Amino acid sequence: MLQALTALLTFQCLGEGVSYVFHLPVPGPVIGMLLLVGFIMLRPQTADAIEPTALELLRHQQTEKPANCGPFYCVLLKPSA
C-alpha cells in the first residue's frame, strides 16, 4: 500500500510541476492523472498494484476532487454566465 500511495503522490507532484513550469491553466492533479493513465497504458500491471489503494482513498474521499471535477464541469455541463 505504501508503494502505491507513493506512486499516486509522485504522479500528482509531477502534474503540479508540469503545470507550474509551463504555466498551464490546468490544475496539477489533472495533469498528474493524465500522466498516470499514460503510464498505466504502457505498463498495465501497474493498475493492479495501485487499484486497492486508489479505491481506499476514494472511499475516504482523500483525493483532490475539486481540481479533478472542475474541467469536467466546465466542458460537460457548460454553466451559463
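Counting from 1, residues in each chain are numbered in the order their sequence is written. Side-chain atom pairs in this predicted model are given and counted only at pLDDT of 80 or more, local residue features only at pLDDT of at least 70, and totals for whole chains, interfaces and linings cover all residues. Where side-chain values are given, they derive from all heavy atoms of the structure, hydrogens and water being excluded.

(A) Inspection of the side chain of Ser19 at higher detail. Helix and strand definitions follow DSSP, with helices as H or I runs of at least four residues and strands as E runs of at least two, each counted in order from the N terminus. Mapped onto the fold, Ser19 is located in helix H1 (residues 2-21). Only 2.9 Å separates the side chain of Ser19 from the backbone oxygen of Val26, close enough to count as a polar contact. What makes two residues a contact is simply this: any of their non-hydrogen atoms within 4.5 Å. Ignoring any residue separated from it by four or fewer positions in sequence, one finds Ser19 in contact with Leu24, Val26, Pro27, Gly28 and Ile31. Contacts described as polar in this section are N or O atom pairs within 3.5 Å, which, within protein, must combine one atom able to donate a hydrogen with one able to accept it, while residues neighboring in sequence count only if both atoms come from side chains.

(B) Highlighting a nonpolar patch on the surface. A cluster of nonpolar residues, Tyr20, Val21, Phe22, Leu24 and Val26, forms a patch on the protein surface that exposes about 540 Å² of accessible area. Mapped onto the secondary structure, Leu24 falls in the loop between H1 and helix H2 (28-42). The rule is simple: take the accessible area with a 1.4 Å probe, protein chains only, and divide by the maximum for that residue type; under 20% is buried, over 50% is exposed, in between is partly exposed. Residue classification places Leu24 among the partly exposed residues on the basis of a relative accessible area of 38%. The patches reported here contain residues having more than 30% relative accessible area and no salt bridge. Joining distances are 9 Å for like charges and 5 Å for nonpolar side chains (Val, Leu, Ile, Met, Phe, Trp, Tyr). Accessible surface is estimated by sampling points in the Shrake-Rupley manner with a 1.4 Å probe; for residues, cover comes only from the protein chains shown. For salt bridges, the criterion is a side-chain nitrogen of Lys or Arg within 4 Å of an Asp or Glu carboxyl oxygen.

(C) The side chain of Thr46, seen in detail. Tracing the backbone shows Thr46 in helix H3 (residues 45-60). The contacts of Thr46, once residues within four sequence positions are left out, are Phe39 and Ile40.

(D) Representation of the packing of aromatic side chains. Only rings of Phe, Tyr and Trp enter the pairing, Trp through its six-membered ring, and a pair is recorded when the two centres are within 6.5 Å. The plane angle decides the type: under 30 degrees is stacked, over 60 is edge-to-face, the rest tilted. Scanning the entire structure with this criterion turns up one aromatic pair. Between Phe11 and Phe39 the ring centres are 5.5 Å apart and the planes differ by 45 degrees, which places this aromatic pair in the tilted class. Of the two residues, Phe11 is situated in helix H1 and Phe39 in helix H2; the sequence distance between them amounts to 28 residues. Residue classification places Phe11 among the buried residues on the basis of a relative accessible area of 13%. Here Phe39 falls in the partly exposed class, since its relative accessible area comes to 28%.

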